[in-house]
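# Geometric and topological summary
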Amino acid sequence: MDLKRRDFLKVVGLGAAGSMLPGCGGETAKLIPYVLPDEEIVPGVANWYASVCRECEAGCGIIVRVMEGRARKIEGNPDHPLNRGKLCALGQASLQGLYNPDRIRGPLQRDGERGEGRFKPIPWEEAMSRWVSALQKHPGGAVLISRPVPGTLAGLFSTFMKEISGTVFFYEPSAERPLRAANRKSFGIDFLPDYDLANTTYLLSFGAPFLSHWLSPVHFGAAYGRMRQGRPEVRGRFVQVEPRLSLTAASADRWVPIRPGTEGLLAVAIGRLILEEGRTNLPRGDRSRFEKFYASFSIDRIANETGVAEEEIVRLAREFYTAASPLAIGGGIASEQTNGTDTLVAINALNLLVGNINRPGGIRFFRPSDFPASSAEVVGEQALLDLKGPSKKASRSVLMLYQANPLYTLPPSTQFRQVFEEADLVVSFSPFLDESTAMADLILPDHFFLESWGDHVTEGIAPAAGLAQPVVIPRYDTRPVGDLFLGAANRFGGGVKERLSWTDYRTMVREQWRDFFDRRQPGQPFEAAWVEALQKGGWWKPEGKPVSISQRGAPSAAEPARFEGSEKEFPFYFYPFPSMGLHYGQGANRPWLQELPDPMTTVVWGSWVEINPKTAQEYGLAERDLVRVISPYGEIEAPVVYFPGNPPDLISVPIGQGHRAYGRYAEGRGVNPLALLAPLIDAPSGALATGATRVRIERTGRKGRPVLVDQTGQGTRRHTEGGEGEA
Ligand code: SF4
């Protein structure tokens, strides 16, 4: 795309100004392309609208090309400080969410037993009455499970649920709860950090998959590019410590395989060496706490437990402390264990030891912007599991779901389905019939995000709030979830009506932005600032002032992780890893993402089991043999793909497939490896330890047909492994 920024602002400004035309009324305010006078809609000429990508929690700025009322292409917003014009595959594919043939087209009610997945239409008025009267019948018992929605919607949900004495949980499987918990222990701050990768000279990553799906992958991918190639005089070095050769590990200068769940121990060994060799910048007053902790760990014991040789540990420590701008980060499999938080505290300690907090190339914390009513504390899986604990909070009550699919992302071993079964009424606001929505009694479908008003407060990276505007007319008889909650508040009356008295969600968003601008620049004319925010796609500062950190927390524990399943009966570690395109399954209903080859194996449209070729030979398994993977909690079958980057004692399966619902592109395809997991939790963060289950494998004697993609001189060739012909 060759769109100059000046042209972009020009065309978007036209659209934004059009949206503000006086006298358009409430309804037309949502129909942005058609508030332009007819004479300004030129067939074949595109308008561009700035908005926010809501396909993951990063919230990248986007611009959408719209022609004749149809969204044609999405690009990264060149001005947005998070992604600076770049976009990932998931963001690009959001058009296939908007135009997905399996979107829910209007309100539905259950027609059959709960969970049968049979629904029939219900008029909006009747659906709203049923929902609100159920809430009124269950004072204090309602539960809302929502994906994190930092911004006006978080404020609306929180206020609504508080006023009706209900509970809201902001939940997402990749919400990095252990990282927040670790940052609280290390720095006294529990929001997500910014890592200044662009200025790092030596990056030591413990499993952080920052080139695929971690935190803000577009932001960190671009910063990593600058670290490697953006400075003529220095190319930053990068070492990835990780059991499996992931996409991120494959990009490193050196990959250091390690036994799963021992990454924190390795960080402790490196920390001990930094102190022993007198290379710390830690203030003298803090040093003794660190020394006391490290004293009980010996390097040879750690080498033995981690499987990383002593010489390698010494080399890592010396490379780290001699670098001009070293940085240690941790995530992915390192944090998805029963000791995830402790591991990340031990990794944070390396940054404290070399004093790279708020230094170029180091770790920084930017307080999220002071946008009103935006807080959305994200919970770990334990908080959801407590719903079926002794309090049985959701039992005989109203369970509501907003774009959360716990029946796919929580393993059956957690028995979370019980929460659905015991609720009096299950209401979903999802635009798609996913596994959890299929258990609903009432579906009140939200607009797709490209049809909606909204905003998104960026966490960590820079002070920024993205402003989302509709770019097309809503395609179906759906309603913005914000309007639904405001409508419900109005029907409820009393305190909730008083607190949420806006006539519609667009007005509420506008008023939040008015407050925001008033507090930043009292007396500034609001309309001009609002139109500018619509033009730009939000508000941000190019660089904020990092929060100063006075707490320097030493590690307090670093034991190897616990695993469910005896080593004798279940000889393999098991690693379910989020797929590059499908993430935790939300991308599975987009054909472009199904068609995106896995970067390490090139498999498309299905699941596979990654096995080291030596292990496969021991078990007599040829490529594409169907193998059964069995844990103490379940079993799955998928074809074998040899992968030498998978160590012999590890079995890896991508997450994302294995949907029992979620539309034609997702349903009945592949397997969900989360089904095998034990209900083990990292206690300090409450996050599910997805890497804590052991498995065994069995031959089935049958063949599978994984589809792999080759780049040949003639272009792209799709074939089933084993050469049985074109797929
Ligand atoms: S990282 Fe990708 S999916 Fe997430 S907000 Fe950015 S473009 Fe969208």
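All values derive from a computational prediction rather than experimental measurement.

## As for the overall build of the protein
The helix and strand inventory of the protein stands at 24 helices and 31 strands. Across the 727 residues in the protein, those meeting the buried criterion constitute 62%. Considering only contacts in the protein between residues 6 or more positions apart, those separated by 24 or more positions represent 72%.

## A short note on the packing of aromatic side chains
In total, this model carries 34 aromatic pairs according to the counting rule given. Between Phe 157 and Phe 485, the aromatic rings sit 4.8 Å apart at their centres with planes inclined by 55°, giving tilted as the arrangement. Of this pair, Phe 157 sits in helix α7 (residues 152-163) while Phe 485 sits in helix α19 (residues 481-492), placing them 328 residues apart in sequence. Side by side, Phe 157 and Phe 485 carry an identical accessibility label, which is buried. For the ring pair Phe 516 and Trp 539, a centre distance of 5.1 Å and an interplane angle of 85° mean the geometry is edge-to-face. One end of the pair, Phe 516, is in helix α21 (residues 505-520); the other, Trp 539, is in strand β20 (residues 538-540), with 23 residues separating them in the sequence. Put simply, the rings of Trp 131, Phe 157, Phe 160, Tyr 402, Phe 429, Phe 485 and Phe 492 touch in pairs and so form one group of aromatic residues. Cation over ring: Arg 70 sits above Tyr 99, and NZ or CZ is 4.0 Å from the ring centre. The ring of Trp 540 has Lys 536 sitting right over it, with the charged end atom 4.9 Å from the ring centre.

## A word on the sheet that holds strand β10 (residues 237-241)
One key point about sheets: their strands pair by backbone hydrogen bonds, in either a parallel or an antiparallel sense. If you trace the four strands from one edge of the open sheet to the other, you get β11-β10-β9-β12, paired in parallel fashion. Strands at the two margins of the open sheet, each flanked by one partner only, are β11 (254-256) and β12 (326-330). Adjacent strand axes in the sheet meet at a mean angle of 15°, parallel and antiparallel pairs treated alike. By the bridge criterion, three bridges tie β10 to β11 in an arrangement that is parallel.

## Examining the confidence of the model for the protein
Per-residue confidence for the protein gives a mean pLDDT of 90; residues scoring 70 or more make up 90%. Confidence drops under pLDDT 50 across residues 1-35; counting only partners more than four residues distant or on other chains, this segment forms 63 contacts. Low pLDDT, under 50, characterises residues 721-727; the predicted model gives this stretch 16 contacts beyond four residues in sequence or across chains.

## Here we look at the pattern of salt bridges
Applying the stated criterion across every chain, the model contains 37 salt bridges. Among the ionic pairs, Arg 696 bridges to Glu 698, the shortest N-O distance being 3.7 Å. We classify Arg 696 as partly exposed; its relative accessible area is 24%. Among the residues examined, Glu 698 registers a relative accessible area of 30% and is labelled partly exposed. Each of Glu 569, Arg 628, Glu 635, Glu 637, Arg 696, Glu 698 and Arg 702 takes part in a single network of salt bridges with overlapping partners.

## As for helix α6 (residues 124-137)
Counted at 1.5 Å a residue, the expected span for α6 with its 14 residues is 20 Å, and the 20 Å between its end C-alpha atoms agrees. Buried residues of α6: Trp 124, Ala 127, Met 128, Trp 131, Val 132, Ala 134 and Leu 135, and no others. One side of α6 holds all its buried residues, which, seen down the axis, span an arc of 155°. Summarising the contacts, the buried residues of α6 are in contact with α7, β15 (398-402), β16 (425-428), β17 (442-443) and α19.

## Some points on the site of the ligand
Close to the ligand lie Cys 53, Glu 55, Cys 56, Gly 59, Cys 60, Leu 87, Cys 88, Leu 90, Gly 91, Pro 217 and Val 218, which account for all nearby residues. Among the elements of the structure, α4 (89-92) and α9 (217-229) are those that each provide at least two residues to the shell around the ligand. Among the residues making up the shell around the ligand, the classes are represented as eight nonpolar, two polar and one charged.

## Some points on the packing of helix α11 (residues 263-276) against helix α15 (residues 340-354)
The N-to-C vectors of α11 and α15 enclose an angle of 20°; their axes lie 8 Å apart at closest approach. In terms of their interaxial angle, α11 and α15 are classed as roughly parallel. Note on packing geometry: the crossing formed by α11 with α15 is left-handed. Seen from α11, the contacting residues are Glu 263, Gly 264, Ala 267, Val 268, Ile 270, Gly 271, Ile 274 and Leu 275; seen from α15, they are Thr 343, Ala 346, Ile 347, Leu 350, Leu 353 and Val 354. Residues that form the contact of α11 with α15 fall into these classes: 10 nonpolar, three polar and one charged.

Calculation criteria
- Residues numbered from 1 in each chain as written.
- Predicted model: local features only at pLDDT ≥ 70, side-chain atom pairs only at ≥ 80, totals over all residues.
- Heavy atoms only, no water.
- Helix = DSSP H or I, 4+ residues; strand = E, 2+ residues; numbered from the N terminus.
- Buried < 20%, exposed > 50% of the residue type's maximum accessible area, 1.4 Å probe, protein only.
- Contact = heavy atoms within 4.5 Å.
- Phe/Tyr/Trp six-rings, centres within 6.5 Å; stacked < 30°, edge-to-face > 60°.
- Lys NZ or Arg CZ within 6 Å of the ring centre and 35° of its normal.
- Pairing = 2+ DSSP bridges.
- Axes fitted to C-alpha atoms, helices over the stretch in contact; angles between N-to-C directions.
- pLDDT = per-residue confidence, 0-100.
- Salt bridge = Lys/Arg side-chain N within 4 Å of Asp/Glu carboxyl O.
- Expected span 1.5 Å × (residues − 1).
- Arc of directions from axis to C-beta.
- Near = heavy atom within 4 Å.
- Nonpolar A, V, L, I, M, F, W, Y, C, P; charged D, E, K, R; others polar.
- Parallel < 35°, antiparallel > 145°, perpendicular 65-115°, else oblique.
- Left-handed = near helix turned anticlockwise from the far one by under 90°.

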